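What the coordinates show
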Amino acid sequence: MWNASGMTSSGGCQCGAVRFRVEGALEEASICHCRMCQKATGGLFGPYVGAPFDAVIWTRGHPSYFQSSNKVRRGFCAACGTPLTFEYGEGHISFALGAMDDPRSVKLSEQLASPERIADFEALAGLPEHSTDEPRAAAHLASIISFQHPDYDTSDWPLNRK
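Scope of this entry: the structure provided in the associated data block. Quick caveat, the model's predicted, so the values are computed rather than measured. (Residues numbered from 1 in each chain as written. Predicted model: local features only at pLDDT ≥ 70, side-chain atom pairs only at ≥ 80, totals over all residues. Heavy atoms only, no water.)

Pairing is mixed in the open sheet, where seven strands are placed in the order S7-S8-S9-S10-S5-S4-S11. Edge positions in the open sheet fall to strand S7 (64-67) and strand S11 (110-112), since each of these has one partner strand only. Averaged over all neighbouring strand pairs, the angle between strand axes comes to 30°, with direction disregarded. Direction of pairing for strand S4 (residues 29-32) relative to S11: parallel, over a ladder of three bridges. In the sheet register, Ile-31 faces S11, and the bridge partner there is Gln-111. (Pairing = 2+ DSSP bridges. Helix = DSSP H or I, 4+ residues; strand = E, 2+ residues; numbered from the N terminus. Axes fitted to C-alpha atoms, helices over the stretch in contact; angles between N-to-C directions.)

Turning to the side chain of Ser-94, a few remarks are in order. By the secondary structure assignment, Ser-94 is in strand S10 (residues 92-96). In terms of polar contacts, Ser-94 uses its side chain to reach the side chain of His-92, at 3.3 Å. Excluding residues within four positions of it along the chain, Ser-94 makes contact with Tyr-48, Val-49, Gly-50, Leu-84, Thr-85 and Phe-86. (Polar contact = N/O pair within 3.5 Å; in protein donor to acceptor, adjacent residues only side chain to side chain. Contact = heavy atoms within 4.5 Å.)

For the rest of this paragraph, the subject is the pattern of salt bridges. With the rule as written, the count across this model stands at five salt bridges. A salt bridge links Glu-87 to Arg-73; the shortest N-O distance between them is 3.1 Å. On the criterion of sequence distance, the pair formed by Glu-87 in strand S9 (residues 83-88) and Arg-73 in strand S8 (residues 72-76) is long-range, its members being 14 residues apart. A relative accessible area of 6% means that Glu-87 is categorised as buried. Here Arg-73 falls in the partly exposed class, since its relative accessible area comes to 30%. Notably, a salt bridge pairs Arg-117 with Glu-122, separated by 3.7 Å at the nearest N-O pair. According to the relative accessible area criterion, Arg-117 is partly exposed, its value standing at 26%. You can call Glu-122 exposed: its relative accessible area is 60%. Via salt bridges that share partners, Arg-19, Asp-101 and Asp-153 belong to a single interconnected network. (Salt bridge = Lys/Arg side-chain N within 4 Å of Asp/Glu carboxyl O. Buried < 20%, exposed > 50% of the residue type's maximum accessible area, 1.4 Å probe, protein only.)

Take the packing of aromatic side chains next. Under the definition given, this model contains five aromatic pairs. Considering the side-chain rings of Phe-45 and Phe-121, the 5.8 Å spacing of their centres and the 85° angle between planes classify their relative orientation as edge-to-face. You can see Phe-45 sitting in the loop between helix H1 (35-41) and strand S5 (46-52) and its partner Phe-121 sitting in the loop between S11 and helix H2 (135-142), a full 76 residues away along the chain. Take Phe-45: its relative accessible area is 23%, and that puts it in the partly exposed class. For the pair Trp-58 and Phe-95, a centre-to-centre distance of 6.0 Å together with 55° between the ring planes defines the contact as tilted. Placement of the pair is Trp-58 in strand S6 (residues 56-60) and Phe-95 in strand S10, with a sequence separation of 37 residues. Residue class for Trp-58 comes out partly exposed when judged on its relative accessible area of 22%. The class of Phe-95 is buried, set by a relative accessible area of 0%. An aromatic cluster of at least three residues, connected via ring pairs, comprises Phe-20, Trp-58 and Phe-95. The ring of Tyr-65 carries the charged tip of Arg-73 above its face, separated from the ring centre by 3.5 Å. (Phe/Tyr/Trp six-rings, centres within 6.5 Å; stacked < 30°, edge-to-face > 60°. Lys NZ or Arg CZ within 6 Å of the ring centre and 35° of its normal.)

Dropping the structure here:
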């Protein structure tokens, strides 16, 4: 998304209790294979994109924090548990890619802690894919009623559902 002063990015947690906006360009994006990032995200790696600390505006709520090491604290939503930030030292903040409203627009530039990556990581791209329009998948997806916050700012949350 663009505004008069340049690029603006936004994101937030799954339940919508915490939302943020970054005024300006995002910085380098990477995935980290270290065990700490695996545990913090509950995933195979930690995908993060940096942002200038002074360009971050918390538009709804604020993260809670876990000090995962002497150098890093990690922000998360206390209500739903969504991992939100990786904060290293004074003034450095990175956001979890999955918490961004438009994660596909972020281009990864490097991998960190590669010796700790899971054994099958390189095989992931070659695994069989199943399209969401296959009958069984389509039926399953059509039956889901999402309570997740949408990928854009809302003035109110939760929205009235009928």
